[in-house]
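Notes for the structure review
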Amino acid sequence: MSKKISYEILLLRSLSCLSVAMVHAVMFTTWIHGQIDSSILNGLLMSMRLFFNAGTPIFVFITVFLLAKSYSDGFPDKFLWKRLKYLIPPYISMGIIGSFYKVSENGLPLTFSNLAIESLKNVFMADYNGYFIIIIIQFVLLFYFFRPQLNKIPLKIGLSTSFLINFAYLAFFNFIPPFGIANDTLAQYLWFNGSVLPFIGWIFYFFLGFYCGKHYDKFVVELHRYKLYVLTVPILITLTMIALKTGGIPSVNSSKAVTYLFLVPSLIFLIFFVSSKLKSVPNFIGVISDHSFGIYLTHSVLMRVFQEFYIPIAPSINPLITLILIYITCVGAALLLSYVLNKIPFGKYIIGVARDNSKFVKAKKTTTSTVQQKAAH
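We now turn to the structure provided with this report. (Residues numbered from 1 in each chain as written. Predicted model: local features only at pLDDT ≥ 70, side-chain atom pairs only at ≥ 80, totals over all residues. Heavy atoms only, no water.)

**Let's talk about the overall build of the chain**
Counting its regular elements, the chain contains 18 helices and zero strands. A compact globule built from 377 residues should have a C-alpha radius of gyration of about 21 Å, and the chain, at 21 Å, falls within 12% of that. Reported as C-alpha extents along the three principal axes, the dimensions of the chain are approximately 65 × 50 × 45 Å. Across the chain, every contact between residues at least 6 apart in sequence was considered, and the portion connecting residues at least 24 apart equals 85%. Carbon and sulfur atoms form 69% of the exposed surface of the chain, whose accessible area is close to 18400 Å². Distance between charge centres in the chain, computed from 31 positive and 13 negative side chains, equals 11 Å. (Helix = DSSP H or I, 4+ residues; strand = E, 2+ residues; numbered from the N terminus. Rg over C-alpha atoms; globule rule 2.2 N^0.38 Å. Contact = heavy atoms within 4.5 Å. Areas by Shrake-Rupley, 256 points an atom, 1.4 Å probe, with all protein chains shown as cover. Lys, Arg positive; Asp, Glu negative; His and termini not counted. Charge placed at Lys NZ, Arg CZ, Asp CG, Glu CD.)

**Details of the pattern of salt bridges**
Inspection of every chain in the model, using the stated rule, returns four salt bridges. As a salt-bridge pair, R304 and E105 come within 2.5 Å of each other at their nearest N and O atoms. Note that R304 is positioned in helix α15 (residues 292-310) and E105 in helix α5 (residues 88-105), a separation of 199 residues in sequence. The class of E105 is partly exposed, set by a relative accessible area of 46%. The partner of E118 in a salt bridge is K121, with the nearest N and O atoms 3.6 Å apart. Here K121 and E118 lie together in helix α6 (residues 112-124), a separation of three residues that amounts to about one turn. Exposure remark for E118: the relative accessible area of 5% places this residue in the buried category. (Salt bridge = Lys/Arg side-chain N within 4 Å of Asp/Glu carboxyl O. Buried < 20%, exposed > 50% of the residue type's maximum accessible area, 1.4 Å probe, protein only.)

**Some points on the packing of α15 against helix α16 (residues 319-341)**
Running from N to C, α15 and α16 cross one another at 130°; their axes reach a closest spacing of 8 Å. The angle between the axes of α15 and α16 places the two elements in the oblique class. Like other packed secondary-structure pairs, α15 and α16 cross with a definite hand, here right-handed. On α16, the residues touching G294, I295, T298, H299, L302, M303, F306 and Y310 of α15 are L325, I326, T329, C330, A333, A334, L335, L337 and S338. Classifying every residue of the contact of α15 with α16 gives twelve nonpolar, five polar and no charged. (Axes fitted to C-alpha atoms, helices over the stretch in contact; angles between N-to-C directions. Parallel < 35°, antiparallel > 145°, perpendicular 65-115°, else oblique. Left-handed = near helix turned anticlockwise from the far one by under 90°. Nonpolar A, V, L, I, M, F, W, Y, C, P; charged D, E, K, R; others polar.)

**Observations concerning α15**
A rise of 1.5 Å per residue sets the reference length of α15, with its 19 residues, at 27 Å; its end C-alpha atoms lie 25 Å apart and thus fit the reference within 8%. The axis of α15 is deflected most strongly, by about 40°, at T298. Counting buried positions over the 19 residues of α15 gives 15, a clear majority of the element. (Expected span 1.5 Å × (residues − 1). Bend = angle between axes of the 7 residues up to and from the residue.)

**Quick word on the nonpolar core**
Membership of the largest hydrophobic core comes to 80 residues, with the highest contact counts inside it found for F61, F206, Y260 and F272. When residues in this core are grouped by element, the largest group, eleven residues, is from helix α7 (residues 131-151). Not counting residues within four places of it along the chain, the set of residues in contact with F61 comprises L12, Y205, L208, G209, C212, I268 and F272. In this structure, V26, L45, Y310 and A334 belong to the second largest nonpolar core, which totals 25 residues. (Core = buried A, V, L, I, M, F, W, Y, C linked by side-chain atoms within 4.5 Å.)

**Structural notes on the packing of aromatic side chains**
Counted under the stated rule, the structure contains 39 aromatic pairs. A ring pair is formed by F75 and Y144, whose centres lie 4.9 Å apart and whose planes are at 45°; its orientation type is tilted. Taken together, the residues span a long stretch of sequence, with F75 in the loop between α3 (55-70) and α4 (79-84) and Y144 in helix α7 at a distance of 69 residues. Every member of this aromatic cluster is reached through a ring pair, and the members are Y71, F75, F79, F139, F143, Y144, F145, F206, F207, F210 and Y211. (Phe/Tyr/Trp six-rings, centres within 6.5 Å; stacked < 30°, edge-to-face > 60°.)

**Brief notes about helix α11 (residues 216-225)**
Because an α-helix packs 3.6 residues into every turn, residues spaced three or four apart end up facing the same way. Of the residues making up α11, those classed as buried are Y216, F219, V220 and L223. Along the axis of α11, the buried residues cluster in a sector spanning 95°; they form a single face. In this structure, α11 carries D217, K218, V221 and R225 as exposed residues pointing more than 90 degrees from its buried face. (Arc of directions from axis to C-beta.)

Now the structure itself:
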């Protein structure tokens, strides 16, 4: 693995995974403490959630970026099988496991019928945080079946058209209330899931990843050419989004808000730019990147378990302390769980396969250190 690809992807995977975990840590902190009296603290938590919501779009962007960069001319044997076999089983497994806490949170008895209903909702409606796998699968299929056609679409047309389609789609679901198709609860449920699952709600990230991967070398050159914009635009967009959010625009509190079509690309460009300047990355970044899939899938389940330990002590500690505790303990536990299950033959089909990219980082550091020592002598 080359330095150029490893550091960028390691950073993108690890930071996007940690960002999603932070979003849920903020949510669980507010649930644990209930009403938080400090307006400053409320504003801080809202701003953190708003910013770190960008993690999921970045995570799915990586899929197409790597596909376009690695398979621009063709596919190896069993291309689809090698990917789907590590995507579909964990998605189903964690959907079934998630049904247990869904039944409990809804205050229902733990019966087979209730578990079956929640499992079916999780699997067929992606009614849990594993929905990102459905997006990834759609991206893989789109790239596999339409790669020749994609190669014929000019960059400016592809990006501009996909942005407009994505913007219109999300804006519709962000600002238009559900039609009278059912009772309010069911209508809201169908409206939310209807906008999340189809690839059209993520199509701009697909084309962005495709062109960044296909024109990788030129892409990196352009980032350095517009360095000032790369460094400043993410800050300006974030501040604008915070200002809009204080006014309730949009009302959606997730990465499916239309405003992320502006923030996410700016953050991706910033991460690529920063990684291109790095001579090495910390080992823990490589480890988190390797287990990012498992961490993403399991951290919110673990937070539901760990919150039971923090609820009794919540009145006596600052919410920020709770945030730090639940974040570190649950991300750490998710990492450990991914590591252990990947040591078991069938574990990767439950939690997702762990990569081994971090060993390349360690090997490069060792090689670099050896070269420097020889040069010193």
